[in-house]
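# Fold and geometry: a report
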Amino acid sequence: MKYNIIEEKGKIILKDIKNFEPKHIFECGQAFRWKVEEDKSYTTVAYGKVLNVKKENDDIILSNTNIEDFNNIWYNYFDLDRDYDEIKKELSKDPILDEAIKFGEGIRILNQEPFEMVISFITSANNQIPRIKRSIELMSKHYGEKIVPGEQEYYSFPTAENLSNAKPEDLKEICKVGFRGERIVQTARIIANGELDLNSIYNLTRDEGKELLMTLPGVGPKVSDCILLFAFNKDDAFPVDVWVKRVMEHFYLKEDTNVKLIGTHGARIFGNLAGFAQQYLFYYARELGIGK
DNA sequence: ATCCAGGCCTGTG
DNA sequence: CACAGGCATGGA
């Protein structure tokens, strides 16, 4: 990445940075906790911190942070070590990806917190994105930790310990997670117990990590791929949801198929960049309503 | 009203 | 192994 870092009080400024468009990154479906503000900046809670991100011309301004947190947390969170020019150059050889990349040219794939991804994508099953976001906010508010950096209150995403002690009925009634309540508590318990060590997945392949994650209640083929891609940096993961199914059938298969076939097809044509391809395609398809 | 949403689980053939 | 049907919830 070619950019200059400027440190001001409470801010880190990334000067002249490419491949970083907040709207694309935060609204492409990989993250559920970024809220757009009136000034078009975005705010989230992650790693126990509140962070605001604003784009001004070709600069990105990170507010309520400092150089230590930037180096220790946000540099990796925003995947700043990766050369997106190279990825886009390779994927653009495919004419359909070329269009999708033009549409979401500023997408980056974040490296988010494993437990939060596990629960968030369990919550996503047969659900709608606005409802998923609402349930995640409610879980954070009721089971997370309060953070007050200024005038406003924020809540961190709950720990496995805290969620393992929640009652499924409460998750349903208070957090509106529906039938996913039991799965959330059971999975939180397995992780809180240490029965499954999420950190071990960093050192596994996609297939190995997938096999392990799918032992968790509520985690199947699609949810596991999301967790592997959005938390564990497995770039060959290719989550196939209704939108990816639609866009792949519309542009590539030209017929009605099934998610399993699309998964193998995606792996074959996109290879070790499948995760990036999926994210460009998902954003493109959902924003434009392709195949619906 | 019926259908559907970033699917998964369980039971059947 | 493939394939239904069910599942909470609420907006279209």
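Our subject is the structure that appears above.
We now turn to the structure provided with this report. Nothing here was measured: the structure is a model prediction, and the numbers come from that model.

### Brief notes about the protein's contact with DNA strand B
- Surrounding DNA strand B, one finds 28 residues, the nearest of these being Gly 29, Asp 241, Arg 246, Gln 278 and Phe 282.
- Here the atoms of DNA strand B within 4 Å of the protein split so that 56% fall in sugar or phosphate, with bases taking the remainder.
- One of the side-chain nitrogen or oxygen atoms of Asn 126 is found 2.9 Å away from a base nitrogen of DNA strand B.
- In this structure, a phosphate oxygen belonging to DNA strand B sits 3.3 Å away from a main-chain N or O atom of Lys 222.
- Here the surface near DNA strand B is built from residues that sort into 15 nonpolar, 9 polar and 4 charged.

### Structural notes on the layout of surface pockets
- As a volume, the largest pocket reaches approximately 600 Å³.
- The wall of the largest pocket is formed by 30 residues, among which Ser 124, Asn 127, Lys 222, Asp 241 and Val 242 lie closest to the centre.
- For the lining of the largest pocket, the secondary structure elements donating two or more residues are helix 6 (129-143), helix 11 (221-230), helix 12 (242-253) and helix 14 (274-288).
- The biggest single contributor to the lining of the largest pocket is helix 11, with 5 residues.
- Looking at side-chain class alone, the lining of the largest pocket contains 14 nonpolar, 10 polar and 6 charged residues.
- If you add up the space inside the second largest pocket, you get close to 370 Å³.
- As for the second largest pocket, its lining consists of 18 residues, and the residues nearest its centre are Lys 210, Pro 221, Val 259, Lys 260 and Gly 263.
- Of all the secondary structure elements, the ones that give two or more residues to the lining of the second largest pocket are helix 10 (206-213), helix 11, helix 12 and helix 13 (259-270).
- Residues belonging to the lining of the second largest pocket are distributed by class as follows: 8 nonpolar, 2 polar and 8 charged.
- Two domains each put at least three residues into the lining of the second largest pocket: domain 2 (114-232) and domain 3 (242-288).

### Structural notes on the protein's contact with DNA strand C
- With respect to spatial proximity, the complete set of residues near DNA strand C consists of Asn 126, Gln 128, Arg 131, Arg 134, Lys 176, Gly 178, Phe 179, Arg 180 and Lys 260.
- Near the protein, within 4 Å, the atoms of DNA strand C are sugar or phosphate in 57% of cases.
- Interatomic distance of 3.3 Å between a side-chain N/O atom of Arg 131 and a sugar or linking oxygen of DNA strand C.
- At 3.3 Å from a phosphate oxygen of DNA strand C is found a side-chain nitrogen or oxygen belonging to Lys 260.
- In terms of residue class, the surface near DNA strand C is made up of 1 nonpolar, 3 polar and 5 charged.

What counts, and where the lines are drawn
Residues numbered from 1 in each chain as written. Chains lettered and ligands numbered in written order. Predicted model: local features only at pLDDT ≥ 70, side-chain atom pairs only at ≥ 80, totals over all residues. Heavy atoms only, no water. Near = heavy atom within 4 Å. Polar contact = N/O pair within 3.5 Å; in protein donor to acceptor, adjacent residues only side chain to side chain. Nonpolar A, V, L, I, M, F, W, Y, C, P; charged D, E, K, R; others polar. 1 Å grid on protein atoms, 1.4 Å probe; cavity = no way out; pocket = protein on both sides within 12 Å on 5 of 7 lines; lining within 4 Å. Points joined across faces, edges and corners; volume = space filled by probe spheres on them. Helix = DSSP H or I, 4+ residues; strand = E, 2+ residues; numbered from the N terminus. Domains from an automatic or database assignment.

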